[in-house]
Amino acid sequence: MSEKQPDVIIIGGGVAGLSAAQYAARAGLKAHLFEELAPGGLLLNIDILENYPGYDKPISGFELADNLTKQAEQFGVEIHYSGIAGIERNSDGLFVVTTDDGIFTVPAVILATGAKRRELGVPGEIEHQGKGVSYCATCDGPFFKGKRMLVVGGGDSACTEALFLSKLSGDIVIIHRKDRFRAQRSIASNVENNANVEVRFNQTVNEIKGDGHKITSVSLHDIVNNRDYEEEFDAVFIFIGADPRVDLVPDVELDEAGYIVTDELMRTSIPGLFAVGDVRNTPFRQVVTSAADGAVAAHAANEYIDELRGQAYV
Ligand code: NDP
């Protein structure tokens, strides 16, 4: 193997990827991280992060991304600002990764490509992101304590997050476009029986209205009665699923929702391929859980590489 070849390639420069790269480099692996845009991933959309452990004063997502990037580089991570054209596995079980910066052959790849959250696509949604429109109740719910909040969606995320919000306010409305929740029965019935949550089926959002700084009301559509109506809300939490970015690894095992299946060591169904953060089937999607995924994957990748080299690969 050429001296120039990395030991591990990390794809994606969000928290999970940066954490994996930092842990890998600190463990003595030659770690190369590929990120097409700026490092930070979804962190770059977070104005104020107040639940990341260790910060007694809220930190901005941008600042944390910058700290993580500098920390990774300090330990020797090489960051490539370029895309990945494809990944193949050769007959020796090594990954041949074709990138805009050349072709690399590595024993281990850590996939940290994240998931693209779905948006409703209604007027007022994009303008009020971070100003009342949110896709994370744990992150933004505390800013609307005691306020009137609308939750949109019918899956496990919408129901779980509505339950979280019901502890912050007695005025939560959840709407779903169908006549029953898609969520697991136990989670759905907790929502249906919660005195702080009003459940409305067969409803959709027409428009989110506000003054550009905050939300004032939402225009809704009642499908059964074919009627539009408008109600005041202070925040809208949208949980209508996400599309994990798995195109680079078409043969890996996915769960029903399309997320990569991993074990507790972040190993996927393909030996040597690890998945971390929002691209994998994790029950709780947070900055801190993504960071933890990265640390675990780097540790497991290190052991995997040692084992492989102990057997045949030099
Ligand atoms: P899902 O894909 O499961 O659900 C998305 C929901 O949004 C569906 O009810 C869907 O409606 C609705 N929806 C989709 N597009 C639109 C739209 N344009 N307008 C209105 N509604 C729309 O995503 P989740 O994020 O809820 O869950 C993803 C995965 O994570 C699942 O596997 C889930 O089980 C898991 N998860 C598990 C948790 C737990 O176990 N505690 C907690 C959270 C997530 P429709 O039903 O009509 O398709």
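None of these values were measured; they are calculated from a predicted model. (Residues numbered from 1 in each chain as written. Predicted model: local features only at pLDDT ≥ 70, side-chain atom pairs only at ≥ 80, totals over all residues. Heavy atoms only, no water.)

Quick notes on helix 5 (residues 185-192)
Right, so step 1: Buried residues of helix 5: I187, A188 and V191, and no others. Down the axis of helix 5, the buried set is contained in an arc of 95°. They therefore lie on one face.
Right, so step 2: Buried residues along helix 5 sit in contact with helix 4 (156-166), strand 11 (172-176) and strand 12 (197-201). (Buried < 20%, exposed > 50% of the residue type's maximum accessible area, 1.4 Å probe, protein only. Helix = DSSP H or I, 4+ residues; strand = E, 2+ residues; numbered from the N terminus. Arc of directions from axis to C-beta. Contact = heavy atoms within 4.5 Å.)

A look at the environment of F62
Right, so step 1: Residue position: F62 is located in helix 2 (residues 61-74).
Right, so step 2: Since its relative accessible area comes to 58%, F62 is described here as exposed.
Right, so step 3: Ignoring anything within four residues of it in the chain, the contact list for F62 reads L43, L44 and I46.

Regarding the packing of helix 4 against helix 5
Right, so step 1: Packing of helix 4 against helix 5 brings their axes to within 9 Å, and their N-to-C directions diverge by 40°. Of the possible angle classes, the one that applies to helix 4 and helix 5 is oblique. Considering the relative orientation of helix 4 and helix 5, their crossing is left-handed. From helix 4, D156, C159, T160 and L163 reach across to helix 5, where they touch I187, A188, N190 and V191.
Right, so step 2: Residue composition of the contact of helix 4 with helix 5, by class: five nonpolar, two polar and one charged. (Axes fitted to C-alpha atoms, helices over the stretch in contact; angles between N-to-C directions. Parallel < 35°, antiparallel > 145°, perpendicular 65-115°, else oblique. Left-handed = near helix turned anticlockwise from the far one by under 90°. Nonpolar A, V, L, I, M, F, W, Y, C, P; charged D, E, K, R; others polar.)

Considering the pairing of strand 5 (residues 95-99)
Right, so step 1: Here strand 5 shows a clear split, with F95, V97 and T99 buried on one side and none of V96 and T98 buried on the other.
Right, so step 2: Counted between consecutive antiparallel strands, the loop separating strand 4 (residues 84-89) from strand 5 contains five residues, among which G93 sits at a positive phi close to 85°.
Right, so step 3: The pairing of strand 5 with strand 6 (residues 102-106) spans five bridges and is antiparallel. Residue pairing across strands places T99 opposite G102, the latter belonging to strand 6.
Right, so step 4: In this antiparallel pair of consecutive strands, strand 5 and strand 6, the connection spans two residues. (Pairing = 2+ DSSP bridges.)

What to know about the sheet that holds strand 13 (residues 203-210)
Right, so step 1: Reading across the sheet, the three strands line up as 13-14-15 and stay open at both edges, with antiparallel pairing between neighbours. Single-partner strands in this sheet number two, and they are strand 13 and strand 15 (227-232). Strand-to-strand twist in this sheet, taken as the mean axis angle between neighbours without regard to direction, amounts to 25°.
Right, so step 2: Note: strand 13 against strand 14 (residues 215-222), seven bridges, orientation antiparallel. Bridging across to strand 14, E207 finds its partner in S219.

A closer look at the side chain of N202
Right, so step 1: Among the secondary structure elements, N202 is positioned in the loop between strand 12 and strand 13.
Right, so step 2: When sequence neighbours within four positions are dropped, the list of residues in contact with N202 reads H176, R177, K178, D179, H221, D222, I223 and V224.

Overview of the sheet that holds strand 3 (residues 78-80)
Right, so step 1: Sheet architecture is open: five strands sit in the order 3-2-1-7-18, paired in parallel fashion. On the outer flanks of this sheet lie strand 3 and strand 18 (273-275), each paired with one strand and no other. In this sheet, adjacent strand axes meet at a mean angle of 20° when their direction is disregarded.
Right, so step 2: Judged from the three bridges that link them, strand 2 (residues 31-34) and strand 3 form a sheet pairing that is parallel. Each residue of the ladder has a partner; that of H32, found in strand 3, is E78.
Right, so step 3: Helix-sheet contacts for helix 1 (residues 15-26) involve strand 1 (8-11), strand 2 and strand 7 (108-111), and the interaxial angle to strand 2 is about 165°.

Topic: helix 2
Each full turn of the α-helix corresponds to 3.6 residues, which orients residues three or four apart in the same direction.
Right, so step 1: End to end, helix 2 covers 20 Å across 14 residues, agreeing with the expected 20 Å (1.5 Å per residue, within 8%).
Right, so step 2: In the core, the buried residues of helix 2 are packed alongside helix 1, strand 3 and helix 6 (287-311).
Right, so step 3: G76, located one to two residues past helix 2, shows a positive phi value of around 100°. (Expected span 1.5 Å × (residues − 1).)

As far as function goes, none of this settles anything; it's purely spatial.
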